[in-house]
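# Close look at the chain arrangement
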Amino acid sequence: MKAVLIHRHADGATLALGDVPEPELGHGQVRVSVRAVSVNYADQFVPQGGYGKPPADGAAWVAGLDAAGEVTEVGAGVTGVRVGDRVMAMVPSSLAEQVVTDARFTVPVPPDWSDEEGAAAIVGLLTECSALTAADGLRAGENVVVTGATSGMGLQGVQLARHLGAGRIIAVARSDRADDVLHRLGADLVLHSAGPGFADRVLDATGGSGADVAVDHVGGSYFPDLVAAAAIKGRIVNVGRAAGAVATADLEAFSLKQLTLRGVTFRTRAPAELAELYQQVRDLDLTTLRPVVDRVVPWQQTEAAQGSLSTGTVVGKVVIRVTAGNQ
């Protein structure tokens, strides 16, 4: 079958269509005919082994971290998923004509969504649901800050916070190009980057109390400002590190405010934990959480699509349409 392959070399990696064997179907798994795959910020770390396990011999392997399509075969022991179902899933090496995945790790694509919307939504839904609902998550009426708000995950974080009954929602973006979208999705205030005056503006917007929950998709230099803007007993949830994995903080303020810092990742979760999270997403009213798709491109343009995330011009998700053969 055709797939988009990552070829590592001394200067980095390149992507190209190639041929790989069809995956074998195991117990509890389903086979999905892939229709669409989204581009994720994490894609740029895959060639270095940041996500997944590249072959030790340096051979090419399949790109992609999620997929949406139609179930064409179910393995032994599968319940609740049938041939013909349209599903979305977070699954490695997904940029191929077919994938197999644990049936528990699938979510039905809402009937009025396209396959491209399914691919655009699944990673964000899982991530933001984990950030806002797990371990002393968001409670109704609490104030929320979402950084990196114009990314696909950031936009869904704003939507989900509103869906869960947040009080004031403050979105943080690099520019004003997506202000209308953010307000439409539920943001009460949009700030254009952290830095001087950031904490004061958050305090003003929340009647002096600060942010009860901060969903941080950026890390790095943004982190100290989130500490300064946090409410007493606030929770900072780090999801991404677009501005760097190393951050500093005023530990005196951290202690005085009795803050909690939590990280979100899927790489160290047990299958049972993932299955529980997928069930949480299935339980959401997804009709109110439709993703924002910036554009859809053919899979021959995967490399350029991944590179577009660093331009600062994308609002929402870039989605790759998968086609049969070398079309």
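Use the structure listed above.
Counting restarts for each chain: residues are numbered from 1 in the order of the written sequence. Where local features are concerned, this predicted model is filtered to residues with pLDDT of at least 70; where side-chain atom pairs are given and counted, the filter is 80 or more; whole-chain, interface and lining totals use all residues. Excluded from the side-chain calculation are hydrogens and water; included are all heavy atoms of the structure.

A few words on the overall build of the protein. Scanning the protein from N- to C-terminus turns up eight helices and 16 strands. All radius of gyration figures rest on C-alpha atoms, and the globule criterion is 2.2 Å times the number of residues raised to 0.38. In terms of overall dimensions, the protein is globule-like: its C-alpha atoms have a radius of gyration of 20 Å, near the 20 Å expected for 327 residues. Here the C-alpha coordinates of the protein stretch approximately 60 × 45 × 35 Å along the principal axes. Exposure classes here rest on a 1.4 Å probe applied to the protein chains alone. A residue is buried below 20% of its type maximum, exposed above 50%, and partly exposed in between. Within the protein, the fraction of its 327 residues that count as buried is 53%. Intrachain contacts of the protein at a sequence separation of at least 6 include 69% that bridge at least 24 residues. Total accessible area on the protein stands at roughly 14200 Å², and carbon and sulfur atoms take up 53% of it. Counting rule for charge: Lys and Arg are taken as positive, Asp and Glu as negative, and neither His nor the chain ends is counted. The atoms used to mark charge sites are NZ of Lys, CZ of Arg, CG of Asp and CD of Glu. Of the side chains in the protein, 27 bear a positive and 36 a negative charge, and the two mean positions are spaced by 1 Å. Strands are runs of DSSP state E lasting at least two residues, helices are runs of H or I lasting at least four, and both sets are numbered from the N terminus onward. Any two residues having at least one pair of non-hydrogen atoms within 4.5 Å are treated as being in contact. The protein chains shown are the only cover counted for residues, whose accessible areas, like all others here, come from Shrake-Rupley with a 1.4 Å probe.

Here we come to the nonpolar core. Side-chain atoms within 4.5 Å are what join buried Ala, Val, Leu, Ile, Met, Phe, Trp, Tyr and Cys residues into a set we call a nonpolar core. Formed by 52 residues in total, the largest nonpolar core has its most connected members in Met88, Leu126, Val158, Leu182 and Leu286. Of all the elements in the fold, those that place two or more residues in this core are β6 (86-90), α1 (115-133), β9 (144-146), α2 (152-163), β10 (169-173), α3 (179-185), β12 (211-216) and α7 (271-283). The greatest single-element share of this core, amounting to ten residues, is contributed by α1. Among residues more than four places away in sequence, those in contact with Leu126 are Met90, Phe266, Leu277, Tyr278 and Val281.

Now for the side chain of Glu117. The residue Glu117 is located in helix α1 in this model. A distance of 2.7 Å separates polar atoms of two side chains, one belonging to Glu117 and the other to Arg290. When near neighbours in sequence (up to four residues on either side) are disregarded, Glu117 contacts Asp112, Arg290, Pro291 and Val293. Pairs of N or O atoms are called polar contacts if they sit within 3.5 Å, as long as, within protein, a hydrogen donor faces a hydrogen acceptor (for residues adjacent in sequence, only side-chain-to-side-chain pairs).

Two strands are counted as paired when DSSP detects at least two bridges linking them. Taken in spatial order, the three strands make up an open sheet running β2-β1-β4, and their pairing is antiparallel. Both edges of this open sheet fall to β2 (12-19) and β4 (61-62), since each of them pairs with a single strand only.

What follows is about the packing of α1 against α7. Interaxial angle, 0 to 180 degrees, is taken between N-to-C directions of lines fitted to C-alpha atoms, where a helix line uses only the stretch in contact. Packing of α1 against α7 leaves a shortest axis separation of 10 Å and a crossing angle of 100°. Taken together, the axes of α1 and α7 lie roughly perpendicular to each other. Across from Ile122, Leu125, Leu126, Cys129, Ser130 and Thr133 in α1, the residues of α7 making contact are Leu277, Tyr278, Gln280 and Val281. Gly is put with the polar residues, along with every residue not named as nonpolar or charged; the nonpolar set is Ala, Val, Leu, Ile, Met, Phe, Trp, Tyr, Cys and Pro, and the charged set is Asp, Glu, Lys and Arg. Looking at the contact of α1 with α7, its residues break down into seven nonpolar, three polar and no charged. Between 65 and 115 degrees an angle is taken as roughly perpendicular, under 35 as roughly parallel, over 145 as roughly antiparallel, and anywhere else as oblique.

The next point concerns the pattern of salt bridges. Salt bridges are counted wherever a side-chain nitrogen of Lys or Arg sits within 4 Å of a carboxyl oxygen of Asp or Glu. Taken as a whole and judged by the stated rule, the model has 13 salt bridges. Residues Arg35 and Asp115 are paired through a salt bridge, measuring 3.7 Å at the closest nitrogen-oxygen approach. Placement of Arg35 in strand β3 (residues 29-38) and of Asp115 in helix α1 is noted, with a sequence separation of 80 residues between them. Residue Arg86 pairs with Asp115 through a salt bridge whose shortest N-O separation is 3.3 Å. In this pair, Arg86 sits in strand β6 while Asp115 sits in helix α1, placing the two residues 29 residues apart along the sequence.

In space, the six strands of this open sheet follow the order β11-β10-β9-β12-β13-β14, with parallel pairing throughout. Looking at the sheet topology across the chains shown, the edges are occupied by β11 (189-192) and β14 (260-263). Going across the sheet, the axis of each strand differs from the next one's by a mean of 20°, ignoring polarity. Relative to β11, helix α4 (residues 198-205) is tilted by about 175°, and along the sheet it contacts β9, β10, β11 and β12.

What follows deals with the side chain of His217. Tracing the chain through its elements places His217 in the loop between β12 and α5 (223-229). For His217, a relative accessible area of 8% puts it in the buried group. At 2.9 Å, the side chain of His217 forms a polar contact with the side chain of Glu128. Reaching out from His217, the side chain makes a polar contact with the backbone oxygen of Thr147 at a distance of 2.7 Å. When neighbours within four sequence positions are excluded, His217 is seen to be in contact with Glu128, Val146, Thr147, Gly148, Met153, Gly154, Val239, Gly240, Arg241 and Ala242.

This brings us to the environment of Asp285. For Asp285, the location among the structural elements is in the loop between α7 and β15 (293-298). We classify Asp285 as partly exposed; its relative accessible area is 37%. A C-alpha to C-alpha distance of 9.6 Å links Asp285 and Pro110, two positions 175 residues apart in sequence. Within the structure, Asp285 has its side chain in polar contact with the side chain of Thr287 (distance 2.5 Å).

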